[in-house]
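Observations on the three-dimensional arrangement
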Amino acid sequence: MVDLEQYLPILIFLFVAAALSALFVFLPMGVSRLTGAHKPDAEKLSEYECGFPAFEDPRSQFDVKFYLVAISFLLFDLEASFLFPWAVSLEYTGWTGWSAMVIFLGILAVGLAYEWKMGALDWQ
Amino acid sequence: MTEFFQSLGLTYEWAWGLATIAGILLIALPLMLSVAMVIYVDRKVWAAINLRRGPNVVGPFGLLQSFADGLKVFLQETIIPSAANKGIFILAPIVTFTVALAAWAVVPFSATAVLADINIGLLYILAISSLSVYGVVMSGWASNSKYPFFSAMRAAAQMISYEVSIGFILVCVVLFAGTFNLNDIVRAQEGFGLGVINAYGIHPLLFPMWVMFFISCLAETQRVPFDLTEAESELVAGYQTEYSSMSFALFWLGEYANILLMCILNALLFWGGWLPPIDWAPLYYVPGIVWLLLKTFFFFFMFSWVMATVPRYRYDQLMRLGWKVFLPISLGFVVVISGYLMATGHFG
């Protein structure tokens, strides 16, 4: 059974960190209103595009490569998360565990080779 | 520390709570202070290598430059662009900085000085550092502006690409140490090299892993030569373009906190952490935290050194390095290292 009490300081740390960050964001907003630095106008609040009004919607279509990278990342990061428990228990699983994981890695290496050959990893 | 508060006549629960809060502040506040100083060091090293003087006006040797910058930024107006998604826009720097701080909860500063000595510390750091992509993507999307959007796409793809090889490299270290607990990983390095050197990094199989880890750290924290997300000539200031005031500064603080985390991970995982470099009794009289901070500072110096000397990569070269060089090599090394450890009877 995992002792969850060890994780309580982390949870408190998260709350303290979030509170500190929120303070850093909202306090200057208040201070600038007090000091008179807060003077927004339409030009100041327009989005930045080299000094002229934006030509088109910034959220236009972007390259499908980014989706490919994200999908490859999912695959290989999942693979890495399989490796973590295997790495700490290799002592107990021995050669059986080792050869099983090598076969698994071999299958994924074939996947990587296929991806490579199909040009999914190339950027022009 | 709990005992100290108990000795003041508090019950155990209150003493524990106060000790935890004190511990958190003892990590977070010095961390922010050291981030300010480290920005100064970064600029000084960069200047020295370029034969310039660097910041030298505010305070002795310009030591107070970062605080002056901080104060100036603090008093500025916070601009929220009218086209932006306001909620996400404000939330993005908060997420970035919270995540950058939260990873420090499990870092052991010496054998006993650790806030949460959990048995999966390394996994926790890996999980938290993956979350830092969210701050970047949120800021890029919420700005509703062209350059931040492109920059955020680039940054997200870059960070997740190098995270894969970092994961495999960490598996190699875990194979040697047999644990995820950062303190135990450091202890496992005691006398590792020929019985005298306290470091994993000198092992012929782990040294190439450390080199790859160091380069991946540069890419993961978007440092030169992989700072394509902030390529001024193409993307203005990257995903922070629309930010101002302290929200802008939080991205910088978060970035440097992440860089320091990567430096301290280099020290902890490969170069003996809070152990002295050589397993020799008199060196153990120096407190562990001094060794750890010296090593961390050395790695930060290397980060600055790289920034001052190396030109920027091209984006296709960056992705090629991540997916076609580091990923296959680290994958191969996992097999080689685990096979080597099995064959040499490391697991007894």
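Residues numbered from 1 in each chain as written. Chains lettered and ligands numbered in written order. Predicted model: local features only at pLDDT ≥ 70, side-chain atom pairs only at ≥ 80, totals over all residues. Heavy atoms only, no water.

A short note on the UniProt feature "transmembrane region" (unreviewed entry) in chain A
Residues and elements named next belong to chain A. As recorded in UniProt, the feature "transmembrane region" (unreviewed entry) lies at residues 6-27, 66-89 and 95-114. Secondary structure across residues 6-27 comprises 91% helix and 0% strand; the distance between its end C-alpha atoms is 33 Å. Along residues 95-114 one finds 100% helix and 0% strand; the C-alpha atoms at either end are 28 Å apart. (UniProt positions renumbered as here; feature names shortened; annotations may be inferred. Helix = DSSP H or I, 4+ residues; strand = E, 2+ residues; numbered from the N terminus.)

With respect to the interface of chain A and chain B
The interface of chain A with chain B comprises 66 residues on the first partner and 84 residues on the second. Taken over both partners, the interface formed by chain A and chain B buries close to 6,800 Å², and the fraction arising from carbon and sulfur atoms is 77%. Taken together, the connections running from chain A to chain B amount to zero salt bridges. On the surface where chain A and chain B come into contact, there are two residue pairs in polar contact (both at pLDDT 80 or more). (Contact = heavy atoms within 4.5 Å. Buried area = accessible area lost by both parts, 1.4 Å probe. Salt bridge = Lys/Arg side-chain N within 4 Å of Asp/Glu carboxyl O. Polar contact = N/O pair within 3.5 Å; in protein donor to acceptor, adjacent residues only side chain to side chain.)

So, the domain arrangement of chain A
Splitting chain A by domain gives domain 1 (1-36) and domain 2 (56-124). Inter-centroid distance (C-alpha atoms) of domain 1 of chain A to domain 2 of chain A is 35 Å. (Domains from an automatic or database assignment.)

Thoughts on the UniProt feature "transmembrane region" (unreviewed entry) in chain B
All names here are of chain B. Per the UniProt record, the feature "transmembrane region" (unreviewed entry) sits at residues 14-41, 88-106, 118-138, 159-180, 200-219, 249-271, 283-309 and 321-343. Overall, residues 200-219 shows 65% helix and 0% strand. The separation of its end C-alpha atoms is 22 Å. For the annotated span residues 283-309, helix accounts for 81% and strand for 0% of the residues, and the straight-line distance between the end C-alpha atoms is 34 Å.

Quick word on the pattern of salt bridges
Residue and element names in this part refer to chain B. This structure, assessed with the given rule, holds five salt bridges over all chains. With its nearest N and O atoms 2.8 Å apart, the salt bridge here joins Asp184 to Arg187. Separated by three residues within a single helix, Asp184 and Arg187 lie in helix α7 (residues 182-188), roughly one turn from each other. We note a salt bridge from Asp316 to Arg314, for which the minimum N-O separation is 2.9 Å. Under the relative-accessibility criterion, Asp316 is labelled partly exposed at 24%. The exposure class of Arg314 is partly exposed, given its relative accessible area of 48%. (Buried < 20%, exposed > 50% of the residue type's maximum accessible area, 1.4 Å probe, protein only.)

Let's talk about unusual backbone geometry
Negative phi values dominate among residues other than glycine, just as trans dominates among peptide bonds. Residues and elements named next belong to chain B. Even without being glycine, Asn144 reaches a positive phi, approximately 55°. One can find Asn144 in the loop between α5 (121-142) and α6 (146-177). A positive phi angle is found at Ser245, which is not glycine, with a value near 55°. The buried category is assigned to Ser245, whose relative accessible area is 1%.

Some details on the packing of helix α1 (residues 8-35) of chain A against helix α2 (residues 12-49) of chain B
Direction vectors running N to C along α1(A) and α2(B) enclose 50°, while the axes themselves pass 10 Å from each other. One element, α1(A), and the other, α2(B), form an angle in the oblique class. Every pair of crossing elements has a handedness; the one defined by α1(A) and α2(B) is right-handed. Here α1(A) contributes A:Leu8, A:Pro9, A:Ile12, A:Phe13, A:Val16, A:Leu20 and A:Phe24 to the contact with α2(B), which in turn contributes B:Trp16, B:Thr20, B:Ile21, B:Ile24, B:Leu25, B:Ile27, B:Ala28 and B:Met32. Here the residues of the contact of α1(A) with α2(B) sort into 14 nonpolar, one polar and no charged. (Axes fitted to C-alpha atoms, helices over the stretch in contact; angles between N-to-C directions. Parallel < 35°, antiparallel > 145°, perpendicular 65-115°, else oblique. Left-handed = near helix turned anticlockwise from the far one by under 90°. Nonpolar A, V, L, I, M, F, W, Y, C, P; charged D, E, K, R; others polar.)

A word on the nonpolar core
Soluble globular proteins: nonpolar side chains tend toward being buried together. With 147 residues, the main nonpolar core has A:Trp86, B:Trp104, B:Leu269, B:Phe270 and B:Ile337 as its most contacted residues. In terms of residues, this core owes the most to one element, α6(B), which gives 21 residues. The residues contacting B:Leu269, other than those within four sequence positions of it, are B:Leu122, B:Leu170, B:Val173, B:Leu182, B:Ile185, B:Gln189, B:Tyr200 and B:Phe213. (Core = buried A, V, L, I, M, F, W, Y, C linked by side-chain atoms within 4.5 Å.)

Some details on helix α10 (residues 245-270) of chain B
Residues and elements named next belong to chain B. Compared with an ideal rise of 1.5 Å per residue, which puts 26 residues at 38 Å, α10 spans 38 Å between its outermost C-alpha atoms and is within 8% of the ideal. For α10, a buried count of 24 out of 26 residues is recorded, marking the element as mostly surrounded by other parts of the structure. Phi for Gly272, located one or two positions after α10, is positive at around 85°. (Expected span 1.5 Å × (residues − 1).)

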